[in-house]
Amino acid sequence: MRKNVGGSAVPTTMIVMAVMLCSLKLMGVSASQLRRNLLANGLGVTPPMGWNSWNHFNCKIEEKTIKETADALVSTGLSKLGYNYVNIDDCWAEIARDVKGNLVAKKSAFPSGIKALADYVHSKGLKLGIYSDAGYFTCSKTMPGSLGHEEQDANTFAAWGIDYLKYDNCYNDGSNPTVRYPVMTRALMKAGRPIFFSLCEWGDMHPALWGAKLGNSWRTTKDISDTWESMVSRADMNEFYAEYARPGGWNDPDMLEVGNGGMTKDEYVVHFSIWAISKAPLLLGCDVRNMTKETLEIVANKEVISVNQDPLGVQAKKVRLEGDLEIWAGPLSGYRVALLLINQGPSNNSITAQWEDIGIPPNTVVEARDLWEHKTLKTRFVGNLTATMNSHACKMYVLKPVS
């Protein structure tokens, strides 16, 4: 703080802002351009990582579960890998607002209130997320939505210390989401607290085309379920919008199902690999308090996570499809390339990735790092790379040009 001549406090931030405004005016930046720029909240520079309650718990959530999940993210070491968001999904509030129209945490499930829960999560070095809806009710119809209460609810979330808002699309008034979602965007910006804004519009009106101006991520698909067919179909739908993802705004094919039991280990490895190379949010959807060693090994793979969190922020694409064999690739920082080979077929098969398909000059000599075997291959590759894998399995590499 600085003090003026009369002794009253003048925030340093106000002085800095005044200087910035004068500078921008001198540079010819209009007020409308400035307002558009200020819609950015500085969040989501890399895809968010953390946990969400819905896939495993649905409506059966309570503050004890949320606290224990926060504890588990720390004790397993996952928080140090970047899993920092602890996100409460639907069913956390009473069906009726209070006399002032405020949302109220469900007393039977969250007796201490959301503010106290946020304080607990923050004390662990983590962030708390919450859920609402751009309609009159949320999708469970057990609590109110925020339609018509956007500013009030945004202020409530900010006062509670919320860090992330998943905003669903159920029970709305029939108006387009392009009309309803910006109202919450503006409300969050006015609330004065940086809150990651996750648009959960299900991909109905192609939110990848308009979501970047409104939020930090946007769902490109319907809800995922814990099956191979559901997972790969969400991956394919999400891949269609790859060119629209970038730092600050990400395509979201829904939360991870790894560890919920509906797929094999190899299938979960494919699931995690696709989400990582697709720069999707890595939001765990299992019970992290009771993860198996196998599940932890998958979601704690530092090398795969580093692909997801690469600062270049370019989503990979499916560059070649030959029957049941898929080749996904995308650029990484440092002139490297992330490569994912997937066998969707019923039996073992080999896949060859050609340099021309994955953006590497044809005569380039490449060093290949196998991210699931955690080893750099002794062979140097020129022109292509071939690998053999089991049914519903994958190989994932980082390719680094060496000459």
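Definitions and limits used
- Residues numbered from 1 in each chain as written.
- Predicted model: local features only at pLDDT ≥ 70, side-chain atom pairs only at ≥ 80, totals over all residues.
- Heavy atoms only, no water.
- Pairing = 2+ DSSP bridges.
- Helix = DSSP H or I, 4+ residues; strand = E, 2+ residues; numbered from the N terminus.
- Axes fitted to C-alpha atoms, helices over the stretch in contact; angles between N-to-C directions.
- Contact = heavy atoms within 4.5 Å.
- Buried < 20%, exposed > 50% of the residue type's maximum accessible area, 1.4 Å probe, protein only.
- Right-handed = clockwise from strand over helix to strand, strands pointing away.
- Phe/Tyr/Trp six-rings, centres within 6.5 Å; stacked < 30°, edge-to-face > 60°.
- Lys NZ or Arg CZ within 6 Å of the ring centre and 35° of its normal.

**Student:** I'm lost on the sheet that holds strand 6 (residues 164-168) in this one. Help?
**Tutor:** Sheets are built from strands paired through backbone hydrogen bonds, the pairs being either parallel or antiparallel. Spatial ordering of the open sheet is given by 9-8-7-6-5-4-3-10, a layout of eight strands whose pairing is parallel. Strands at the two margins of the open sheet, each flanked by one partner only, are strand 9 (250-252) and strand 10 (282-284). Pairwise comparison of adjacent strand axes, ignoring direction, gives a mean angle of 25 degrees for this sheet. Summarising the sheet, strand 8 (residues 217-219) and strand 9 pair through three bridges and their orientation is parallel. Its bridge partner being in strand 9, Ser217 is matched across the sheet by Trp250. Together, strand 4 (85-87) and strand 5 (127-133) form the strand contacts of helix 5 (residues 114-123), whose direction differs from that of strand 5 by roughly 145 degrees.

**Student:** What exactly am I supposed to notice about the pairing of strand 6 here?
**Tutor:** The two faces of the sheet receive side chains in turn, since in a regular strand these alternate between them. Taking burial as the measure, the five residues of strand 6 include five buried ones, the bulk of the element. For strand 5 and strand 6, the ladder comprises five bridges, and the chain directions are parallel. Looking at the pairing, Gly129 lines up with Tyr164 of strand 6. Handedness of the strand 5-helix 6 (residues 150-160)-strand 6 crossover: right-handed. Inspection of the sheet shows strand 6 paired to strand 7 (residues 196-199) by four bridges, in the parallel sense. Directly across from Tyr167, in strand 7, lies its bridge partner Leu199. Handedness of the β-α-β unit built from strand 6, helix 7 (residues 177-191) and strand 7 comes out right-handed.

**Student:** Help me understand the packing of aromatic side chains, please; the structure alone is not making it clear to me.
**Tutor:** Two measures describe an aromatic ring pair: the distance that separates the ring centres and the angle between the ring planes. Throughout the structure, instances matching the rule amount to twelve aromatic pairs. Ring centres of Tyr167 and Phe197 lie 5.6 Å apart, and the angle between their planes is 50 degrees; on these two criteria the pair is classed as tilted. One end of the pair, Tyr167, is in strand 6; the other, Phe197, is in strand 7, and 30 residues separate them in sequence. A relative accessible area of 0% places Tyr167 in the buried class. Given the relative accessible area of 2%, Phe197 is considered buried. Where Tyr181 meets Trp210, the ring centres are 6.5 Å apart and the plane angle is 55 degrees; that geometry is what we call tilted. Separated by 29 residues along the polypeptide, Tyr181 in helix 7 and Trp210 in the loop between strand 7 and strand 8 bring together distant segments of the chain. Take Tyr181 and Trp210: they sit in the same class, and that class is buried. Three or more aromatic residues link up through ring pairs in this structure, and these residues are Tyr167, Tyr181, Phe197 and Trp210. Across from the ring centre of Phe137, 5.6 Å away, lies the NZ or CZ of Lys141, which sits over that ring.

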